[in-house]
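Topology and contacts: notes
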Amino acid sequence: MKEEQTNNTTNVENEDTLTNRQGHPVTNNQNMRTVGNRGPATLENYDFIEKISHFDRERIPERVVHARGAGAHGYFEAYGAVGDEAVSKYTRAKVFQGKGKKTPVFVRFSSVIHGGHSPETLRDPRGFAVKFYTEDGNWDLVGNNLKIFFIRDAIKFPDMIHAFKPDPVTNIQDSERFFDFCASSPESFHMVTFIYSPWGIPANYRMMQGSGVNTYKWVNNEGKAVLVKYHWEPKQGIRNLTQKEAEEIQAKNFNHATQDLYDAIEKGDFPEWELLVQTMSDDDHPELDFDPLDDTKLWPEDLFPWKAVGKMVLDRNPVDYFTEVEQAAFGTGVLVDGLDFSDDKMLQGRTFSYSDTQRHRVGANYLQLPINAPKKRVATNQSGGQMAYKLDRGPFQNPHINYEPSILDGLKEATQIGKEYTPMIKGNLVRESIDRQNNTKQAGETYRQFEQWEKTELISNLVNDLSACDPRIQEKMIALAEEADEDYGRHLREGLAQAKSNGSSQKPLGNKDGDKAPEQAIDKSHEADPY
Ligand code: HEM
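Residues numbered from 1 in each chain as written. Predicted model: local features only at pLDDT ≥ 70, side-chain atom pairs only at ≥ 80, totals over all residues.

**Some details on the site of the ligand**
- Close to the ligand lie 27 residues, the nearest being His66, Arg108, Gly127, Ala154 and Val213.
- Of all the secondary structure elements, the ones that give two or more residues to the shell around the ligand are β4 (102-111), β5 (126-134), β6 (137-144) and α9 (345-361).
- By residue number, the principal contributor to the shell around the ligand is α9, which donates eight residues.
- Looking at the shell around the ligand, its residues break down into 13 nonpolar, ten polar and four charged. (Near = placed C-beta within 6 Å. Helix = DSSP H or I, 4+ residues; strand = E, 2+ residues; numbered from the N terminus. Nonpolar A, V, L, I, M, F, W, Y, C, P; charged D, E, K, R; others polar.)

**As for the domain arrangement of the protein**
- Segmenting the protein into domains produces domain 1 (1-55), domain 2 (69-368) and domain 3 (441-514).
- Domain 1 and domain 2 are separated by 47 Å when their C-alpha centres are compared. (Domains from an automatic or database assignment.)

**Quick word on the environment of Val12**
- Structurally, Val12 is set in the loop between α1 (2-7) and α2 (46-56).
- Val12 gets classed as exposed once you count the C-beta atoms within 10 Å, which come to 11.
- Each C-alpha atom, one on Val12 and one on Ser111, is 48 Å from the other, the two residues being 99 residues apart in sequence. (Buried ≥ 20, exposed ≤ 12 C-beta atoms within 10 Å, placed from the backbone.)

**Examining the nonpolar core**
- The biggest cluster of nonpolar side chains holds 54 residues, and the ones touching the most others in it are Val95, Val107, Trp139 and Val309.
- Excluding residues within four positions of it along the chain, Trp139 makes contact with Val95, Phe132, Thr134, Val334, Leu335, Val336 and Leu339.
- If you look at the next biggest cluster of nonpolar residues, it comprises 40 residues, including Ala163, Tyr196, Leu462 and Ala484. (Core = buried A, V, L, I, M, F, W, Y, C linked by C-beta atoms within 7 Å. Contact = placed C-beta atoms within 7 Å.)

**Re the packing of helix α12 (residues 471-484) against helix α13 (residues 486-501)**
- Two numbers describe how α12 lies on α13: the axes approach to 5 Å, and their chain directions differ by 155 degrees. The orientation of α12 with respect to α13, classified from their angle, is roughly antiparallel. When you trace α12 past α13, the crossing you get is left-handed. Along the contact surface, α12 presents Gln474, Ile478, Ala481, Glu482 and Ala484, while α13 presents Glu486, Tyr488, Gly489, Leu492, Arg493 and Leu496.
- Along the lines of polarity and charge, the residues of the contact of α12 with α13 split into six nonpolar, two polar and three charged. (Axes fitted to C-alpha atoms, helices over the stretch in contact; angles between N-to-C directions. Parallel < 35°, antiparallel > 145°, perpendicular 65-115°, else oblique. Left-handed = near helix turned anticlockwise from the far one by under 90°.)

Take a look at the structure:
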């Protein structure tokens with residue numbers, strides 16, 4: 001064949017020959033086709049135009065949040081039990097049944113606010129999203145490292161993200177905008193207490209916890225449900241950084257968390273997490289001082305013990321960052337039989353948002369991409385749309401019958417084995433926040449549980465960022481801290497009074513004396529002559 005090509009005066013092509021996307025061998029990848037070697041270039045230059053125009057389209061829209069991330073493949077291994085009980089008592093989801101049952105997973109860790117190449121040392125929650133490729137199709141558990149969240153109603157999410165992201169005029173993140181939103185949304189105070197402590201800067205992705213945050217349900221074979229919360233506990237231990245330590249790391253390497261994950265897996269030091277759940281009976285629990293659907297609250301461990309259901313091991317790095325990590329699409333709506341939603345309105349808002357953004361960010365056929373496609377048979381009557389490259393057809397499907405129902409042929413509905421879960425839902429349509437808000441009580445408990453160095457760091461970080469804010473915002477934040485815990489409030493008030501007398505003001509968020517950076521850049525830099 002090779003000889004034939006040579007004799008035929010066509011280009012010689014071997015296994016390692018560069019081609020364009022039409023399969024044409026490329027004979028010169030250093031020089032474009034020009035009239036004489038000084039140019040100009042011609043417009044029929046197919047190889048050049050294909051190459052450069054594909055390059056021009058190399059990026060897809062960045063995730064609107066959680067743009068910076070790293071991913072890895074691995075597996076989940078079920079214990080077949082929840083604590084000491086058979087897991088089937090609570091859920092019929094196959095992924096949990098049978099001790100030692102393995103399910104492949106893909107995990108993406110991320111930070112939230114800044115863009116695709118922002119430093120991995122920033123104060124921010126970390127995303128912890130897991131895609132389980134189960135035999136019943138995909139299950140996505142889209143969580144964070146921290147176990148609670150800033151808000152409890154999805155309608156507030158765009159405002160919250162606008163306030164946390166850089167100012168729309170200056171494109172600089174501004175602590176005043178952050179605290180303006182938080183002071184006006186007191187439900188965020190528990191999360192602010194975590195975020196401004198060392199828990200707001202995990203050392204890396206391997207040494208942090210994960211949590212589903214929102215409340216879900218488990219459904220058993222009798223169609224009975226329980227409320228459930230998910231927790232990932234790292235076998236590597238948990239490590240967090242102080243602001244100063246993070247700044248030192250950032251000065252040397254702003255990709256340290258991605259590097260840490262990649263290197264650990266490359267050298268066979270596979271990170272592991274245990275999956276634990278907390279469960280509650282499926283009702284509104286009037287005996288509690290919080291609503292079990294309120295994602296700004298922890299479920300106290302003494303009342304609702306953590307029970308192990310399995311473990312996850314990450315043992316394979318992606319071959320290509322873009323195709324696997326960037327195009328990965330996780331969503332809270334992606335559940336399998338035996339898992340269900342709770343009535344948590346935040347969760348319903350999220351569930352709309354994820355698949356909606358992914359149809360825009362990746363495209364209408366994002367579920368056909370290998371990273372997102374289930375590792376099982378897919379047979380739908382959906383077709384067309386941009387970048388459709390295959391039909392989701394069953395192997396024996398009559399290609400003429402792309403609809404259902406049909407007397408003639410085509411796809412049929414599945415037979416439901418487990419009893420359908422049919423909760424009764426009744427109530428007036430309202431626009432109201434939930435009862436039992438208790439916005440600061442758990443923040444006080446969390447503060448009291450911090451070690452002294454964590455409390456000191458929390459106050460110092462809050463003072464740094466709050467001291468640049470309008471006094472009305474400061475007063476509101478102090479009032480929330482006082483309501484949470486007398487000591488917490490007093491230290492914050494004293495710290496801010498001290499900062500005022502020092503005349504300090506810091507921007508952008510999180511960096512002490514960050515506002516002095518433009519001046520420092522001029523002072524410390526070296527003059528050069530034009531050439
Ligand atoms: C109403 C509240 C929320 C809304 C509307 C929302 C919306 C979004 C959107 C639009 C994305 C980008 C998805 C993509 O482009 O693929 C995203 C990513 C993400 N969100 Fe949320 N989110 C909300 C709350 C939360 C909460 C409470 C958590 C934690 C439990 C969370 C965890 C994540 C994670 C981990 C990602 C990144 C997933 C990945 O790695 O691709 N979000 N969110």
